[in-house]
Amino acid sequence: MTARGRPRAFDRDEVLDKAMRLFWERGYEAVALADITAVTGINSPSLYAAYGAKEELFRAAVRRYNEQGSPVQNALATQPTARLTIEVMLRDSARTYTDPANPRGCMVVLAATNCTQDNAAIQDFLADCRRTDRDQLRDRLARGVTEGELPKGTDPTALADFFHTVLYGLSIRARDGASTAELLAIVDTALAAWPPETG
């Protein structure tokens, strides 16, 4: 009796990285399962067994993307003041979004901006990711008000919305071909809107 061949082993993270880049470059709806199998070299049954359907694979790819270094999360985790948190977030984003080693822009901003009703759950998923970042920025700015770094009348929600919107704009400009220097000039202009120091 002929022994049955064992399934070919593959590196799950490597496959996920390749799928992530595909979604990042083309967006969720423009990527077909056949594109994923072609790029990863994994057949459909193995792909389903490892990651589930396309939606589950995309969600895993977004988690992988964030694990590899979200400028928002990195700034929140490392910077001692609210001002530096915003500045480092924007400057790191400008450089990351234009890094020639990666697709341009931010995957979380660009991968599902316009979906059919069938894929509304994906659009909502990314909107939730962005809201989480915005809410964490708001909380950090609110702490800046409490600690006296920002004037008492500062609205942390409005300020977080403003800088988070600048962040989105950097992603779009990067996808449109703007250079790192052009994005950093936008960051300089945005930072000029920072409320005057109180201390």
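If you're wondering where the values come from, they're calculated on a predicted model, not measured in any experiment. (Residues numbered from 1 in each chain as written. Predicted model: local features only at pLDDT ≥ 70, side-chain atom pairs only at ≥ 80, totals over all residues. Heavy atoms only, no water.)

**Brief notes about the overall build of the protein**
Applied cut-off: By the criteria applied, helices consist of DSSP H or I runs no shorter than four residues and strands consist of E runs no shorter than two, each listed in order from the N terminus. Throughout, exposure labels follow a simple rule: accessible area from a 1.4 Å probe, protein chains only, divided by the maximum for the residue type, with under 20% read as buried, over 50% as exposed, and the rest as partly exposed. Residue burial considers only the protein chains on display, and all accessible areas are found by Shrake-Rupley using a 1.4 Å probe. The convention is simple: Lys and Arg are positive, Asp and Glu are negative, and His and the chain ends are not counted. Charge placement uses NZ in Lys and CZ in Arg. For Asp and Glu, CG and CD serve respectively.
A tally of regular secondary structure across the protein gives 10 helices and 0 strands. Each helix and strand of the protein, placed in order from N terminus to C terminus, yields the pattern α-α-α-α-α-α-α-α-α-α. Out of the 199 residues belonging to the protein, those deemed buried represent 42%. Carbon and sulfur atoms make up 51% of the accessible area of the protein, which totals about 10,600 Å². With 24 positive and 27 negative side-chain charges, the protein shows a separation of 4 Å between the mean positions of the two kinds.

**Section: the UniProt feature "domain: HTH tetR-type" (unreviewed entry) in the protein**
Which entries qualify depends on this criterion: UniProt positions are given in the numbering used here, feature names are shortened, and annotations may be inferred rather than shown by experiment.
When the UniProt feature table is mapped to this numbering, "domain: HTH tetR-type" (unreviewed entry) covers residues 16-61. Helix makes up 76% of residues 16-61 and strand 0%, with an end-to-end C-alpha separation of 6 Å.

**Looking at the environment of Leu-183**
Rules: Should any heavy atoms of two residues lie within 4.5 Å, those residues are counted as being in contact.
Turning to its location among the elements, Leu-183 is positioned in helix α10 (residues 180-191). The buried category is assigned to Leu-183, whose relative accessible area is 0%. The spacing of Leu-183 and Arg-95 is 88 residues in sequence and 8.2 Å in space, taken between C-alpha atoms. In contact with Leu-183, not counting residues within four places along its chain, are Ala-94, Thr-98, Leu-170, Arg-173, Ala-174 and Ala-178.

**Topic: the side chain of Thr-37**
Under the convention used in this document: Any pair of nitrogen or oxygen atoms within 3.5 Å is treated as a polar contact; in protein, a donor-acceptor pairing is required on top of that, and neighbouring residues in sequence qualify only through side-chain atoms on both sides.
Summarising the element assignment, Thr-37 is placed in helix α2 (residues 33-40). We classify Thr-37 as buried; its relative accessible area is 19%. Of note is the side chain of Thr-37, whose polar atom sits 2.9 Å from the backbone oxygen of Ala-34. Residue contacts for Thr-37: discarding those within four places in its chain leaves Ile-42, Asn-43, Ser-44 and Leu-47.

**Comments concerning the domain arrangement of the protein**
The following threshold applies: Throughout, the edges of the domains are those of an automatic or database domain assignment. Buried area: the accessible surface (1.4 Å probe) lost by two parts on joining, summed over both. In the sections that follow, a salt bridge refers to a side-chain nitrogen of Lys or Arg positioned within 4 Å of a carboxyl oxygen of Asp or Glu. Throughout, the ten residues Ala, Val, Leu, Ile, Met, Phe, Trp, Tyr, Cys and Pro are labelled nonpolar, Asp, Glu, Lys and Arg are labelled charged, and all others, Gly among them, are labelled polar.
Segmenting the protein into domains produces domain 1 (12-63) and domain 2 (69-193). Measuring from the centre of the C-alpha atoms in domain 1 to the corresponding centre in domain 2 gives 26 Å. Taken together, the contacts link 13 residues of domain 1 with 19 residues of domain 2. Around 1,400 Å² of area is buried between domain 1 and domain 2 when both sides are counted, 67% of it from carbon and sulfur atoms. Counting across the domain 1 and domain 2 interface gives 0 salt bridges. Our count for the contact surface shared by domain 1 and domain 2 stands at 6 residue pairs in polar contact (both at pLDDT 80 or more). When residues of the side of domain 1 that touches domain 2 are traced back to their parent elements, those giving at least two are α1 (12-26) and α4 (54-67). Its residues placed into classes, the side of domain 1 that touches domain 2 shows 7 nonpolar, 1 polar and 5 charged.

**Focus on the layout of surface pockets**
Unfilled space is identified by rolling a water-sized probe across the atoms. Basically, it comes down to this: Both cavities and pockets are sets of points on a 1 Å grid over the protein atoms alone; in a cavity a 1.4 Å probe fits but cannot get out, in a pocket the set is open with protein on both sides within 12 Å along at least five of seven lines, and lining residues sit with an atom within 4 Å of a point. Grid points are joined across faces, edges and corners, and a volume is the space filled by probe spheres set on the points.
As a volume, the largest pocket reaches approximately 340 Å³. Surrounding the largest pocket, 24 residues form its lining, Tyr-65, Asn-66, Ser-70, Pro-71 and Val-108 being those nearest its centre. For the lining of the largest pocket, the secondary structure elements donating two or more residues are α4, α5 (71-78), α6 (82-97), α7 (107-110), α8 (120-146) and α9 (156-175). For the lining of the largest pocket, the leading source of residues is α8, giving 5 residues. Residue composition of the lining of the largest pocket, by class: 11 nonpolar, 11 polar and 2 charged.

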